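# Coordinate analysis (summary)
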Amino acid sequence: YAVSEGEINEGIVGVSVPLLAPDGTPFGAISVTCPSSRFNEQRLADIVRHLRAAVREWLGDAPLDASGTAVGSAAARPPATRVDGRSAAGAGTRR
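The model shown is predicted, which means the values in this text are computed figures rather than measured ones. (Residues numbered from 1 in each chain as written. Predicted model: local features only at pLDDT ≥ 70, side-chain atom pairs only at ≥ 80, totals over all residues. Heavy atoms only, no water.)

## Observations concerning the overall build of the protein chain
If you tally the helices and strands in the protein chain, you get one helix and three strands. Tracing the protein chain from N to C terminus, the helices and strands come up as β-β-β-α. In the protein chain, which comprises 95 residues, the share counted as buried stands at 26%. Within the protein chain, residue pairs in contact and separated by at least 24 positions form 35% of the contacts whose partners lie at least 6 positions apart. (Helix = DSSP H or I, 4+ residues; strand = E, 2+ residues; numbered from the N terminus. Buried < 20%, exposed > 50% of the residue type's maximum accessible area, 1.4 Å probe, protein only. Contact = heavy atoms within 4.5 Å.)

## Digging into the environment of Ala54
Relative to the assigned elements, Ala54 resides in helix α1 (residues 41-59). For Ala54, a relative accessible area of 31% corresponds to the partly exposed category. In this structure the C-alpha to C-alpha distance between Ala54 and Val17, which are 37 residues apart in sequence, comes to 9.8 Å.

## Quick word on the pairing of strand β3 (residues 26-35)
As defined by bridge partners, strand β2 (residues 12-20) adjoins β3 across nine bridges and the pair is classed as antiparallel. What sits directly across from Leu20, in β3, is Pro26. (Pairing = 2+ DSSP bridges.)

## A few points about the sheet that holds β2
The pairing of strands in a sheet comes from backbone hydrogen bonds and takes either a parallel or an antiparallel form. Taken together, three strands build an open sheet; the order of strands is β1-β2-β3 and the sheet is antiparallel. Single-partner strands in this sheet number two, and they are β1 (2-5) and β3. Each strand axis lies, on average, 20° off the axis of its neighbour in the sheet, ignoring direction. As defined by bridge partners, β1 adjoins β2 across four bridges and the pair is classed as antiparallel. (Axes fitted to C-alpha atoms, helices over the stretch in contact; angles between N-to-C directions.)

This is the structure we're talking about:
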């Protein structure tokens, strides 16, 4: 997993877990953010546990690597969608 503590926005913490192809190549990630005032080591452990569970649920019975990260095939997954149901393509771009 990766943690960003105020690196992008002051007062915001981001935690992410990678999505890995069968050969170990990363092809994406799932992440959450929260105010740094609500972040501590116990919260980190909880967030990572929940993110890893979400990845396992999304990828199905994909095997896990040594760090507990799900390893799966990108071709077997549906296209990403945003919470509002629209396509995630270009979601990271500013307009």
